[in-house]
4 protein chains.
Amino acid sequence: MAANTWGELFRVTTFGESHGPAIGAIIDGCPPGLALSEADIQPFLDKRRPGQSRYTTARREADQVQILSGVFEGRTTGTPIGLLIHNTDQRSQDYGSIKDQFRPGHADYTYAHKYGERDYRGGGRSSARETAMRVAAGAVAQLYLAQRLGITFRAAVTQIGPHHADPTAASFDWQRVPNSPLFCGDSDCEAAAAEYLKQLLKEGDSVGARVRLEVLGVPVGLGEPVFDRLDADLAKALMSINAVKAVSIGDGFAVAAQRGSEHRDALTPAGFSSNHAGGVLGGIATGQPLIADVAFKPTSSITQPGSTIDKNGNACEIVTRGRHDPCVGIRGVPVVEAMAALVIMDHWLRHRAQNADVKHSLPTIG
Amino acid sequence: MAANTWGELFRVTTFGESHGPAIGAIIDGCPPGLALSEADIQPFLDKRRPGQSRYTTARREADQVQILSGVFEGRTTGTPIGLLIHNTDQRSQDYGSIKDQFRPGHADYTYAHKYGERDYRGGGRSSARETAMRVAAGAVAQLYLAQRLGITFRAAVTQIGPHHADPTAASFDWQRVPNSPLFCGDSDCEAAAAEYLKQLLKEGDSVGARVRLEVLGVPVGLGEPVFDRLDADLAKALMSINAVKAVSIGDGFAVAAQRGSEHRDALTPAGFSSNHAGGVLGGIATGQPLIADVAFKPTSSITQPGSTIDKNGNACEIVTRGRHDPCVGIRGVPVVEAMAALVIMDHWLRHRAQNADVKHSLPTIG
Amino acid sequence: MAANTWGELFRVTTFGESHGPAIGAIIDGCPPGLALSEADIQPFLDKRRPGQSRYTTARREADQVQILSGVFEGRTTGTPIGLLIHNTDQRSQDYGSIKDQFRPGHADYTYAHKYGERDYRGGGRSSARETAMRVAAGAVAQLYLAQRLGITFRAAVTQIGPHHADPTAASFDWQRVPNSPLFCGDSDCEAAAAEYLKQLLKEGDSVGARVRLEVLGVPVGLGEPVFDRLDADLAKALMSINAVKAVSIGDGFAVAAQRGSEHRDALTPAGFSSNHAGGVLGGIATGQPLIADVAFKPTSSITQPGSTIDKNGNACEIVTRGRHDPCVGIRGVPVVEAMAALVIMDHWLRHRAQNADVKHSLPTIG
Amino acid sequence: MAANTWGELFRVTTFGESHGPAIGAIIDGCPPGLALSEADIQPFLDKRRPGQSRYTTARREADQVQILSGVFEGRTTGTPIGLLIHNTDQRSQDYGSIKDQFRPGHADYTYAHKYGERDYRGGGRSSARETAMRVAAGAVAQLYLAQRLGITFRAAVTQIGPHHADPTAASFDWQRVPNSPLFCGDSDCEAAAAEYLKQLLKEGDSVGARVRLEVLGVPVGLGEPVFDRLDADLAKALMSINAVKAVSIGDGFAVAAQRGSEHRDALTPAGFSSNHAGGVLGGIATGQPLIADVAFKPTSSITQPGSTIDKNGNACEIVTRGRHDPCVGIRGVPVVEAMAALVIMDHWLRHRAQNADVKHSLPTIG
C-alpha cells in the first residue's frame, strides 16, 4: 500500500483536491466480467452527496461519476478502471486570511509543515471531498461482493452528542436507515438528534457521532495474519476516514472489563452462541456478522471564532466561513460502508490467491 | 505490506510457531551506522518474557535473541538484519483432544477453515509467542529513534477488569511503570488489580485490560495521507496485536459526545492549548505527544470448561490446560510500544524520502 | 508494485485503452516544491506523438495533457498528481472480423484467455497508446532529476533491420538525435534506414530496432540489492515497454565471451578506466554513465495477410488494416527515456530514505 | 517488492552475508497442503553447492537447509516458512589489505558509498553466497508448480568464452545437462570448454557464460500487464542474479533485424507455428515454452593483479586470493531456474486471485 492507494490486489488509488478541477480514482485488479456502468455506481455517491438534507453541507455537487476505462460492452475487462468526477461547485472565494492562518482542528498546520506547500482552498487534499472517490470505488467492490458472494454492508449513526441509539435493541430498525436524513435506525433518537442539530446550527457549533458497521455474509477464512488481520485492516481503513478517532471490533473497549468465561463465544453445532468477538478470531473471519464501531470527531469548521496562529507565528483569531456539516459523522456513513467493502474485497482476492486449492470437510457453523 | 511483513521502508517480516524449533524475523531497510548488539535488544525482550511474575504465564523461555546478519563490527550495515530466538521450552505434551476440537475464543476454527491445515500445538502461528519477534524488531526501531530523533515510547496498563488508573491524574507515575509487575502507574490500582487477579486464578478465569500508549518527541510532519495516515497505521499496528479489540486516538470514543468548540485544540505561539486530537491532525503528527488507547480481551485459555464442537461437528466440552496468563494485556504492554515504534520508524523513513528537500520558515509550536 | 503501478516511492499508476474516452495516470509521491505545469510536460509527449513523420503511424492525437491535481500555484504540493489525456482520434471503425479473430504477434489471444473479456478496439489496453502516460509521468521525473541532481537521459535508435549505428563511434552525434525523424545519431545510418523503411511500407511489412540508452550524472549509491538492484529494475522497466524483447547493461551479451582480466573496470584516482559494467556494480550505480541497450520487435500489424484462428478455433486469414508504424522502435525512444527516469527517480527516493544519515569521507571517482 | 523480498504473493525475503553465522529466508504466502521436507529442498541446493567440480570454487559448504516453521506433519500450513543454512566454512582469514581497498569489478566501492559501512569479509551481502537462499525458496516453488500444474524448469550453459552450444540443435541433449559438470547439453562444447577453463585456471583468469532457460507447461494467461508483464518480471528476476548483464526473451536482440512478416508467430488449430515470441505476447504467457537467455560476466576475483584505489583515494594494486569459480555462469544455472520458478509461482497466485471466476470456451492451442 502507498499513501494514496488502498489494497494489495483490489487496489484503489485516488487523487484530487477540494477545489481543483476534478477528483478521480483508478481501480486496479477488479475481476473481469462484472456488469458495471456509471448508473450502478451513482446511487452510492448520491447517498454521500452534500446538500441532501439541512444537516449536511449546502455545497451542491452533482458528483456525476464517469468511467474512463476498464469497462467494455457493459462488463469489466480486468484492466484498470479509471473514474472521474468533475468539481462543479468551486466557488471563487476570498481565502485571504485563511491562506496565512492555521485553522484549529484542521490539517493546515500539519500539511504546511510536512510538505512546505499547502493548497489552502477548502482544505485541499485534506478535505473530506476526497472520500467521494472512496465511495465510488467501494461501490464497485460492493457490487461484486453482493453478486458473487452475497456479502452485504450496512452502517448507521448510533450516537450524536448526547443522543444514542442501540443497534441491538428491538426499537432499532435497519430498514429505516437508508431513508433517514441522519442515517439513524431509531426514530426517537433521530428526532431528538435533529432538534439538537438545529440548536447547534444556531449556535454555530458542531458535534461528534458514533457509527455502527455490520457486514453480513462474510465467509469464514478471510484475513491474513499476523499483520494483515481482517480486523487490523478494517481498523486502518476506518481510521483513515477523515475525522475518525476510534475504532472497535465486537465488544470493543468493553472487553477490558470482561472475564474470559464471559467473553469467549461458544461454538455449537447450530452456530456460535454469541458474537462478542465481532466476527473475527485470530484476525480471520468466523463467518458471523462482522461488527465494528467508529467515532467521528465534531467538524472543526464552525462559525464560532477560534484562537490560532498565522504563518509568522503570531496569535490571531479565525472564523471559518463557508458551507459545513454540523456533524460530519452523518455523511461518514456511506464512507464507512465503502471502506469496509474495499477491505473485504481485497481480502477475498488475497484469500483465494493462497487458498484456492484448500479442500476439507470441516463443519461450517457460520 | 504482506501478511507477515510490517512496513514499507523499515520492513519487518516474521516467522515461527509456538512449538516449532525457533521464531525469527528479518528487518529490511534499517539505516546503516546504528550501533547494535544482541545486548541492546535483550532488555526489550526480557520485559515481555513470560515467567516474570505470578500474573503471567509460567512458561519459561530464555528468549535469547541472536543477530545473524546485517551487523558488522557493532554497527548496522544497511543489509537485512536476521534475528532468531530458539524455542527452548516446548514441552512435549498430549494434545490428543485439543487436536480435534476448536477452542472457543481461539483461532483454531478460523485457521482450520482458512488453510485446511492447523498446527494445533499451543496455537501454532496464532500464539502470542509470535509477538516476541515484534518486540525484538521494535527494539531496533526504538534504539534508532531515541538516538537519532529523541523519540521515546511508553505504555502502561490503565484498566484490569473493574480497576482503573487514570494516566492523566497526578497519582499516575510513569516512572514506576517499568518496575510494576502489572505495568501500572498507579499503586492503588495495581494493588487492587493484583488482588483481583489472584482471585481470578483461583477461579480459573481471566480478564481483559486497557493499555495507554504515549509517544513523546514525534516531529511534526510524520504521516502519509490519505490512506497511510499516522493514526490509521497506528490503528492497524495495534489492532494486529493478539487479543486487541479496540484502538482509539486522543479523546477516542468520547469525541462522539463533544462539540467542535470543545474538541478543536487551539494553536498559540506557546504551543497547542490542549491535545484532544492525540497528536494527529489530518493523519499527520502535530508534534504533540501521540496518545492512543487499546483494549485487550481476556485470555480465552482458562481452566473453566467450555462448550465447543469437534472437527466432525459434534458438540463437546473442552478444558484448556497449560500455562496461560490470566490477563494477556499485561504482557501486551511492550508489544504495544514495539508496534508503535515500527510505525513511527517506517513513517520517518517515508517522510524523509519524499520531503527531504522541504525548506520553510513556518513556526513550530510542538 | 502492482500490475499498473510503477515504483515504490515515486509511484505511477496508469489507466486507459486505445479507443476509450481518455487515458490517465496518477503520480503518488512526487516531492513537493517542484515547478510544474502542463507546458513543462507537453514537449516530452510531443516527442512520442504519432504523426510526427512518415515513419510513424498516421494516427493524429493532440495528446494534450491536463494536470488535475497535486499542483498549486505552479508547484507540486506533495499530493497525488492526476494526469489526463483525452483520446481525440478514435475513428469509429468496423472491427467486425478482428473482433472474433486473434491477430498473430498481438496480445489478442493472451488477453482473451486471461480475462475472458477483450476490448478488441485497437488492441484495447495492450495498445502502445498506453505508453503516452509513461512519457507524461517520466517527464515529471526527468524535470525533477535534471533540476535537483543534474541527471539527464538520452536514447537513440542504433539499429533498424540491417542498418546499424555505433553510439561509441566518432560519427555518432547525440546532438542530432532529437531532430532526427528516426532518432538516429548517425546520418549515414539514418539515410539508409529511411530508404529501407520506405521499401517496407510499400511491401506492407515492418522491422525491428535496437535502442541505446544513456543516463548521465547518476550519483554513486543508487540501487537496492539484492532483488531491487538498479540494473534489475531497469531491466524490468525496459522489458515492460510494448514490443521490447531484450535488455542488456554495459557490454551485455558480449560478456559471455570476455575474460575477467578484460571485463573488470579498473579504479584509478582519476576515475574508472573503462565502463564495461555500464555504470552498475553489485546492483548499485558507480557514478559512471548508465548504459543499456534494448531490442524492439517489428510491428505485428502489417498489411500482409497472416494466418490465425478465430474464437471458435477455426483457421482463418487476417489482414490488419489501420494506421501503424513500420518500426515501433522509433517511437519507443522517448518511452525508453521515460521508463529509465521513473527507475532513477524511485531509486533516488528509496536511497535517501534509508541512507540520508550516511556520512563518510570516501573518494568519489564518478 | 522490497530490496530483499521477491514477489507479491509468494514472497521470499532473504538475509545473510558470506561470512556471517548463517543465511536464511522466509517464504510468506506458500499455499497450504504442499508436502514438504528438508529432503525435498536439499537436492536443489546440492546442484548449486560449491565444490562439486574442479570448475567451481573449492569452498566446501554442506549447505544443509533447516525448515524452522510453516510445515507441520509434513505439509505446509500456509504460515511463513523459515529456512536457515549455517555457514560452516568461514575461514578466518587476513582481510588486511582488502579491507581498505575496492576490488575492481566487485561491489566494494558501491556498497561503501551507499551505506557508509561495508562487511568486507568475502563480499558480505554482495557475495553470490546469497543465491543459495534463492535456490532453496525456488525449490519450494518448483515442487508446487510441478505437482499442481505440471510446470517444469530447465536451464543449461550454452556459451563459455569462445565455445558455444546451440540449444535448438539436434546435438543438444537436455537429458545430459544435470549430470554435466558444466551444465552443458552438448558434449563437444563441454569438452572444449573444459579444456579452456583448465587453461584459464592456470592463467589465473576467468570467463563469462551464456545460459538458456526454458519453462515448459506454463498455462496461457500468466502475466500482469502493463508493468508486471511476465517477461518484465522475468527480466528483473534474472538480472537480479549476481553477475548477470543481459536478458532476452525468445529471439531476443535478433528481433532488431527481423521483419514483421517473419517474426509474428502464426496461430493454427494445431498450435503456434513457431515461437519467436518466446512464449509471451503482450506480457502474458501464450502457453508455449517460455524461452530466455542470460549472460553472466566473468568472475572479477582472479589471481591476476588489478589496479584500484584504496579508501583514501590512492592508487594501489590488488590481488584477490581465496577460492573462486573461473566461470560463475556455471553455478548460476540452478539460480536461473530458481528465479524463474519464483516468478511463475508468484504470477500463478496473482493470476488466480483476479481471474479465478473467468469462464470461457475459447480454443487453447498451447
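Residue numbers here run from 1 along each chain, matching the order of that chain's written sequence. As they are written, the chains are lettered A onward and the ligands numbered 1 onward, keeping that order. Whole-chain, interface and lining totals are the exception, using all residues; otherwise, since this is a predicted model, local features are given only for residues with pLDDT of at least 70 and side-chain atom pairs are given and counted only at 80 or more. By convention in this description, side-chain values take in all heavy atoms of the structure and omit both hydrogens and water.

Undergrad: Kindly report on the sheet that holds strand β4 (residues 65-67) of chain C, identifying the contributing residues and their values.
TA: Residues and elements named next belong to chain C. Here we have five strands laid out as an open sheet, ordered β1-β2-β3-β7-β4, and antiparallel in their pairing. Every interior strand has two partners, whereas the edge strands, β1 (5-6) and β4, have only one. Any two strands with at least two DSSP bridges between them are considered paired. Here a strand is any run of E in DSSP of at least two residues, a helix any run of H or I of at least four, and the numbering for each starts at the N terminus. For β4 and strand β7 (residues 81-86), the ladder comprises three bridges, and the chain directions are antiparallel. Bridging from a neighbouring strand, I67 pairs with L83 of β7. Sitting on the sheet, helix α3 (residues 131-149) touches β2 (11-15), β3 (22-28) and β7, and the angle it makes with β3 is about 30 degrees. Should any heavy atoms of two residues lie within 4.5 Å, those residues are counted as being in contact. Between the N-to-C directions of two axes lies an angle of 0 to 180 degrees, each axis being a line fitted to C-alpha atoms and, for a helix, fitted only over the stretch in contact.

Undergrad: Quick rundown of the interface of chain A and chain B? Include the residues and the values.
TA: In this assembly, 119 residues from chain A lie in contact with 118 residues from chain B. Salt bridge, as used here: a side-chain nitrogen of Lys or Arg that lies within 4 Å of a carboxyl oxygen of Asp or Glu. Counting across the chain A and chain B interface gives 12 salt bridges. In this structure, E130 of chain A engages R229 of chain B in a salt bridge whose closest nitrogen and oxygen atoms are separated by 3.8 Å. We call two N or O atoms a polar contact when they sit within 3.5 Å, provided that within protein one can donate a hydrogen and the other can accept it, with sequence-adjacent residues counted only if both atoms are side-chain atoms. At the boundary of chain A with chain B, the tally comes to 60 residue pairs in polar contact (both at pLDDT 80 or more). The dominant element in the side of chain A that touches chain B, judged by the number of residues it contributes, is helix α2 (residues 108-115) of chain A, at seven residues. Residue type decides the class: Asp, Glu, Lys and Arg count as charged, Ala, Val, Leu, Ile, Met, Phe, Trp, Tyr, Cys and Pro as nonpolar, and the leftover types, Gly among them, as polar. Of the residues in the side of chain A that touches chain B, the class split is 55 nonpolar, 41 polar and 23 charged. The pairing of strand β11 (residues 244-249) of chain A with strand β11 (residues 244-249) of chain B spans three bridges and is antiparallel. Residue pairing across strands places V247 of chain A opposite V247 of chain B, the latter belonging to β11 of chain B.

Undergrad: Now, about the sheet that holds β11 of chain B: what can you tell me, with residues and values included?
TA: The strand order across the open sheet formed by 10 strands is β9(A)-β8(A)-β10(A)-β16(A)-β11(A)-β11(B)-β16(B)-β10(B)-β8(B)-β9(B), and the pairing between neighbours is antiparallel. Edge positions in the sheet fall to β9 (163-164) of chain A together with β9 (163-164) of chain B, since each of these pairs with one other strand and no more. Bridge count for β11 of chain A against strand β16 (residues 290-296) of chain A is five bridges, and the pairing is antiparallel. In the sheet register, V247 of chain A faces β16 of chain A, and the bridge partner there is V294 of chain A. Packed onto the sheet, helix α5 (residues 230-239) of chain B meets β11 of chain A together with β10 (209-216), β11 and β16 (290-296) of chain B and runs at close to 160 degrees relative to β11 of chain B.

Undergrad: So what's going on with the relation of the copies chain A and chain B? Residues and values would help.
TA: At an RMSD of 0.0 Å, chain A and chain B line up after a rotation of 180 degrees and a shift of 0.0 Å along the axis. Read as a symmetry element, the transformation amounts to a two-fold axis. Distance from the rotation axis, computed per C-alpha, reaches its smallest value in chain A at K236 of chain A: 2.4 Å. To superpose the copies, least squares is applied to the C-alpha atoms of every residue with a pLDDT of at least 70 in both.

Undergrad: Provide a residue-level description of the UniProt feature "binding site: NADP(+)" (unreviewed entry) in chain A, including the pertinent values.
TA: Residues and elements named next belong to chain A. UniProt positions are given in the numbering used here, feature names are shortened, and annotations may be inferred rather than shown by experiment. Taking the UniProt record as the reference, the feature "binding site: NADP(+)" (unreviewed entry) is found at R48 and R54. Within the secondary structure, R48 is located in helix α1 (residues 38-48). Discounting chain neighbours no more than four positions away, the residues touching R48 are D63, A128, R129, T131, A132, V135, R331, P334 and V335.

Undergrad: Could you give an account of the side chain of S69 of chain D, with specific residues and numbers?
TA: Mapped onto the secondary structure, S69 of chain D falls in the loop between β4 (65-67) and β5 (71-72). A polar side-chain atom of S69 of chain D sits 2.8 Å from the main-chain carbonyl oxygen of P80 of chain D. Each residue touching S69 of chain D, except ones within four places of it in the same chain, is listed here: F15, G16 and E17 of chain B together with P80, I81 and G82 of chain D.

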